[in-house]
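Per-entry structural report
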Amino acid sequence: MLFCTYNIHYGVGSDGKYDVARIADTVAEADIVCLQEAVSGWPQNGFADQTAEIASRLNRYHWYHGAMESDASEVGADGRIVNRRRSFGNAVISRWPIIWARGHLLPKTALVDRFDLQRGFVEASIETPAGPLRVYSVHLSHVGPQQRLPQVRALMDTVLNAERVGATWDSAAGSTFMFQERRPDVSRSAILAGDFNFTPAHPEYPLVCGETSYYGRLGTTMHLADAWAAAGNSEEEVDSFPREGRIDHVFVTHDLSPRVKKAWIGYGIVASDHWPVFVEFDL
C-alpha cells in the first residue's frame, strides 16, 4: 500500500500558479491520501470543492471536513440568495471505501497580534484489502507550541480512545428506522498523518512519538512510531517544507511499524509550497 500526506496550499504551487490537476497527478499512485489546506467555496477559485475535484480525477472515495468555515453567500440580480460556505480543512482520499468518518475541531486560543485559524482533523475508517484501517488527516497551528500542545493532547486523546468511543453509530437500528447497517469495527491499527507544524526537535513531538508517552482517559499509554524513522531514514538536513524542517509526518501504531518498507519526500514538486511525504507499507 502506498500512502501519501500532502499540504496542498489550497492548490497554489511554489511557482504561484493555481492548478488542482497537478495535485491529483502528484498523488495519483497513492492508495490513501491525507490532504491539508484543502478548500471549498472560495471565490478565488470559482467556489471549487478541491477534494471532490481531485477525487473525481482519480476515481477515488473521499471525505472532507472544513474546520474553518465562514460565509460566501451572495444575492443574485433577481434578489435570490445564493447560499455558500467557504471552508478550509482536511481530507482523506482513498482507493477503497471509507466506511465511516467524522471531523474534529482542535482547541483554539484567540490571538490579538498574529493570524491563526480554527484547526481540526479528519478521522476515517477505510476498508482496505487487509482489513479496516483508521486514518487521521491532521493540521495543527503554525503559531507555536503554546497553540499546538493543547491540540496534540486533544488529538492523541481521540486516537487513544477510538475503540471506547466507537464508530459513528452503535449496534443496529430497529426495523422502523431507515438505517439498518451493523455497527462497524474500530480498527486498532491507525495512521496519523499531516502537517503538524513541528519537527522532531520541538516539545510536541515526544507527546506523539518519543520517550514521553501520552496517557489517555483509560490510563493507557499511547506511543506512536514515526514511519520516517521506521523506514531507516536519517534526520540530517530533512525538509518537508522548505527551510522549516520535517514538519509533515506519518505516525503509525506499533503493529504497522514493521510493515513500513520505505518513506520519502517528493522534493522539487512545485504543485504546493510543501512537498508530499510518501510511505510504502507491506500490508
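Residues numbered from 1 in each chain as written. Predicted model: local features only at pLDDT ≥ 70, side-chain atom pairs only at ≥ 80, totals over all residues. Heavy atoms only, no water.

**Some thoughts on helix α2 (residues 50–58)**
Applicable threshold: Relative accessibility decides the category of a residue: with a 1.4 Å probe and only protein chains considered, values under 20% of the type maximum give buried, values over 50% give exposed, and everything between is partly exposed. Each helix corresponds to a stretch of at least 4 residues labelled H or I by DSSP, and each strand to a stretch of at least 2 residues labelled E; elements are numbered beginning at the N terminus. By arc we mean the arc of the directions from the helix axis to the C-beta atoms, nothing more. In this description, contact between two residues means that some pair of their heavy atoms is separated by no more than 4.5 Å.
Where α2 is concerned, the buried positions are Gln-50, Thr-51, Ile-54, Ala-55 and Leu-58. End-on view of α2: buried residues confined to an arc of 130°, all on one side of the axis. Among the exposed residues of α2, those pointing more than 90 degrees away from its buried face are Ser-56 and Arg-57. Check the buried side of α2 and you find it contacts α1 (20–26), β2 (32–40), β3 (61–71) and β6 (85–94).

**Here we look at the nonpolar core**
What counts is decided by this rule: Nine residue types can take part in a nonpolar core, namely buried Ala, Val, Leu, Ile, Met, Phe, Trp, Tyr and Cys, and a core is a set of them joined through side-chain atoms within 4.5 Å.
Ranked by size, the top nonpolar core spans 29 residues in total, and within it Phe-3, Ile-32, Val-92, Ile-191, Val-250 and Phe-281 carry the most contacts. With sequence-adjacent residues up to four places away left out, Val-250 is seen in contact with Phe-3, Thr-5, Ile-191, Leu-192, Ala-193, Ala-225, Asp-226, Ala-227, Trp-228, Val-277 and Val-279. Val-159, Ala-162, Phe-198 and Phe-251 belong to the second-largest nonpolar core, a separate cluster that totals 24 residues.

**Describing the packing of aromatic side chains**
Condition: What counts as a ring pair is set by centres within 6.5 Å for rings of Phe, Tyr and Trp (its six-membered ring), and what kind of pair is set by the plane angle: stacked under 30 degrees, edge-to-face over 60, tilted for all other angles. We count a charge as sitting over a ring when the NZ of a lysine or the CZ of an arginine lies within 6 Å of the ring centre and within 35 degrees of the ring normal.
In the structure shown here, the tally under the stated rule is seven aromatic pairs. Pairing Phe-196 with Phe-251 gives two aromatic rings, centres 5.2 Å apart and planes at 75°, and the pair type is edge-to-face. Taken together, the positions of Phe-196 in the loop between β10 (190–195) and α5 (205–208) and Phe-251 in strand β14 (residues 248–252) put the pair 55 residues apart, joining distant regions of the chain. Grouping aromatic residues by their ring pairs yields a cluster made of Phe-196, Phe-198, Tyr-205 and Phe-251. Here the basic side chain of Arg-86 rests over the ring of Trp-42, its NZ or CZ set 5.0 Å away from the ring centre. When the ring centre of Trp-264 is taken as reference, the NZ or CZ atom of Lys-262 above it lies at 5.1 Å.

**Observations regarding the sheet that holds strand β13 (residues 225–226)**
What counts here: Two strands pair under a simple rule: DSSP has to find at least two bridges between them.
Spatially, the six strands line up as an open sheet ordered β7-β8-β9-β10-β14-β13, and their pairing is mixed. Since the sheet does not close on itself, it has two edges, and those belong to β7 (98–105) and β13, each with one partner. Pairing of β7 with strand β8 (residues 120–128), which is carried by seven bridges, proceeds in the antiparallel orientation. Residue pairing across strands places Trp-100 opposite Ser-125, the latter belonging to β8.

**Quick notes on the pattern of salt bridges**
Where we set the bar: A carboxyl oxygen of Asp or Glu within 4 Å of a side-chain nitrogen of Lys or Arg is what we treat as a salt bridge.
Tallied over the full model, the rule gives 14 salt bridges. The residue Asp-31 makes a salt bridge to Arg-95 at a minimum N-O spacing of 2.6 Å. Of this pair, Asp-31 sits in the loop between α1 and β2 while Arg-95 sits in the loop between β6 and β7; the two residues are 64 residues apart in sequence, bridging distant segments of the chain. Given a relative accessible area of 34%, Arg-95 falls into the partly exposed group. Across the pair Asp-71 and Arg-85 runs a salt bridge, and its minimum N-O distance is 3.5 Å. On the criterion of sequence distance, the pair formed by Asp-71 in strand β3 and Arg-85 in strand β6 is long-range, its members being 14 residues apart. According to the relative accessible area criterion, Arg-85 is partly exposed, its value standing at 38%. A single network of salt bridges, built from pairs that share partners, joins Glu-69, Asp-71 and Arg-85.

**As for unusual backbone geometry**
We note that Glu-37 has phi near 55°; this positive angle belongs to a residue other than glycine. If you trace the backbone, Glu-37 turns up in strand β2. With phi around 55°, Asn-59 is a residue other than glycine that occupies positive phi space. Overall, the relative accessible area of 69% leaves Asn-59 in the exposed class.

Note that every value here comes from positions in space, so none of it alone points to a role or purpose.
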